[in-house]
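Listed here are the chains, written in short residue letters.
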Amino acid sequence: MFGLFEKDKINGFGLDIEETLVKVVQLSSASGKISVAGLAKSDLPEQIIANHAIINPDKLSAYIRKTMQEAKITTPYVVVSIPEAKSFVRQIHLPQMEEKQIETAVPFEFEQNIPVPIDQIYFDWQILTQSDAGYELLVTATPRDYVDSLIDVLSRTKLKPIAFELESQSSARALLSEKNAGEADLVIDISELQTSFLLVEKNNLQYTSSVPIGGRSFTESISRNLGIPLPEAEAAKREQGLVADSKKRNIRQAILPILDNIVDEIRNVIRFYDEHYKSHLPLKQVLIVGGGAKLMGLSDYVSARLNLGSVHEQSLVTLGDSLNHLTPGPTLAKVDGLTYCTAIGLGLRALGFKIDLEM
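Every value quoted in this text rests on a predicted model; they were computed, and no experiment measured them. Here the residue numbers are simple positions, counted from 1 along each chain's written sequence. Owing to the predicted nature of the model, reporting of local features is limited to residues with pLDDT of at least 70; listing and counting of side-chain atom pairs is limited to 80 or more, with chain, interface and lining totals taken over all residues. Derived side-chain values reflect all non-hydrogen atoms in the structure, with water molecules and hydrogen atoms excluded from consideration.

Draft legend 1. Spotlight on the packing of aromatic side chains. To pair, rings of Phe, Tyr and Trp, with the six-membered ring standing in for Trp, must have centres within 6.5 Å; the planes then decide the type, stacked if under 30 degrees apart, edge-to-face if over 60, and tilted in the middle. Using the criterion set out here, one finds two aromatic pairs in the structure. Seen in terms of ring centroids, Phe 110 and Phe 123 are 6.3 Å apart; in terms of plane orientation they differ by 40 degrees. Their pairing is tilted. Of this pair, Phe 110 sits in helix 2 (residues 99–111) while Phe 123 is found in strand 9 (residues 121–131), placing the two residues 13 residues apart along the sequence. We count a stretch as a helix when DSSP gives it H or I for four or more residues in a row; a strand needs E for two or more, and each element gets its number in order from the N terminus.

Right under this line is the structure:
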């Protein structure tokens, strides 16, 4: 998205910005093997980003610099995430035409499918399929005001953006490979404040949605139901998850009503896929990532709920492995790959990127 001219290869890094976290990942490649050159994350205080709007650009810039220093990242070239909640993803159909005409046709057709004027967004598109019937295109877009505010922060941080990319595109890159090209997959990304749902078919993003329920929602429910402070509730969530029950500290029963809302939304996304996608490859697997995916017993519970009474062939529900493109090493444990999934996908795109160094 919003790519620049390409000429010389450089190694940039990935920058994933959430409302509560900043994460950076730089990768390196040698002899065909990709490894982690640097990574770090920093918690963001409240009122730096609120409701996906940057409130304090100077403080955000300072936290980005701090996180880069911890990761020992010095390159100014960066690929930056765009949150799902600030994005539009649509498939559109165009009749047969010369490819050079697509550039003109996409804005007109896309504007019919989004709730904002075309002159208020930045957008990008890719051809998914071409046949005698025409083109099927995937179009992604983000409001100009958000991207412009992000560019301002990068400028304050002395960073040069290579590209901006939807979180979903980055996560899919980290999780999937050529072996997934003949299937459909659903990625569930449970972050601190929201959960995103990413439908990928033949390794191409098809659909995204999100709900404002995340890991913090689990903690708040535990705190409310057990009458304990939030820090104690967070510790209990990490220690017990969905596995342990006790009459005095029934963590599981405090979490399940919140988690069931996420499961219901997964069902809605699967139903949408069944009804709206003509090719309809079988949904092979449901991959769960994000910091909230560390909840013990999560994938087993989601699997049981999704497949209970289902008429579909059972889909494998498992934690996603965002390290599958990387050479194993001590820098990053598999469980931490859940937290860094989007940042790793951004880092993969930034690795060996071609850019006009005179820009």
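Draft legend 2. Structural context of empty space enclosed by the protein. The method works on a 1 Å grid over the protein atoms by themselves. A cavity is a set of points holding a 1.4 Å probe that cannot get out, a pocket is an open set with protein on both sides within 12 Å along at least five of seven lines, and residues with an atom within 4 Å of a point line them. Grid points are joined across faces, edges and corners, and a volume is the space filled by probe spheres set on the points. Tallied over the full model, the rule gives one cavity of 30 Å³ or more. Of the pockets and cavities examined, the largest cavity occupies roughly 260 Å³. In terms of lining, the largest cavity is formed by 23 residues, of which the most central are Ile 17, Glu 18, Glu 19, Glu 167 and Ser 191. Classifying every residue of the lining of the largest cavity by side-chain character gives nine nonpolar, seven polar and seven charged. Amino acids are sorted into nonpolar (Ala, Val, Leu, Ile, Met, Phe, Trp, Tyr, Cys and Pro), charged (Asp, Glu, Lys and Arg) and polar (every other residue, Gly among them).

Draft legend 3. Expanded view of the nonpolar core. Side-chain atoms within 4.5 Å link the members of a nonpolar core, which is a set of buried Ala, Val, Leu, Ile, Met, Phe, Trp, Tyr and Cys residues. Type-normalised accessible area, obtained with a 1.4 Å probe on protein chains alone, sets the label of each residue: buried when under 20%, exposed when over 50%, and partly exposed for intermediate values. Ranked by internal contacts, the top residues of the largest apolar core, which has 92 residues, are Leu 15, Leu 60, Ile 64, Leu 186, Leu 259, Ile 266 and Val 302. We call two residues in contact when some of their heavy atoms are within 4.5 Å. Among all residues touching Ile 266, those that are not within four sequence positions of it are Leu 186, Ile 188, Phe 197, Val 302 and Leu 306. The next biggest cluster of nonpolar side chains, apart from the first, holds 15 residues, and it includes Ile 92, Leu 94, Tyr 135 and Val 139.

Draft legend 4. Structural view of the sheet that holds strand 7 (residues 77–82). Strand pairing follows a simple DSSP-based rule, namely that at least 2 bridges must link the two strands. Read from one edge to the other, the open sheet built from five strands follows the order 4-3-2-7-11, with strand pairing classed as mixed. Both edges of this open sheet fall to strand 4 (33–43) and strand 11 (160–166), since each of them pairs with a single strand only. Adjacent strand axes in the sheet meet at a mean angle of 20 degrees, parallel and antiparallel pairs treated alike. Two elements, strand 2 (residues 13–17) and strand 7, share three bridges in a ladder whose sense is parallel. From the neighbouring strand, Leu 15 faces strand 7, where its bridge partner is Val 80. Lines fitted to C-alpha atoms define the axes, with helix axes restricted to the stretch in contact, and inter-axis angles between N-to-C directions lie between 0 and 180 degrees. Contacts from helix 3 (residues 144–156) reach strand 2, strand 7 and strand 11, with the element oriented near 145 degrees to strand 7. Here helix 10 (residues 341–350) sits on the sheet and contacts strand 2, strand 3 (21–30), strand 4, strand 7 and strand 11; the angle it forms with strand 2, its principal contact strand, is near 150 degrees.

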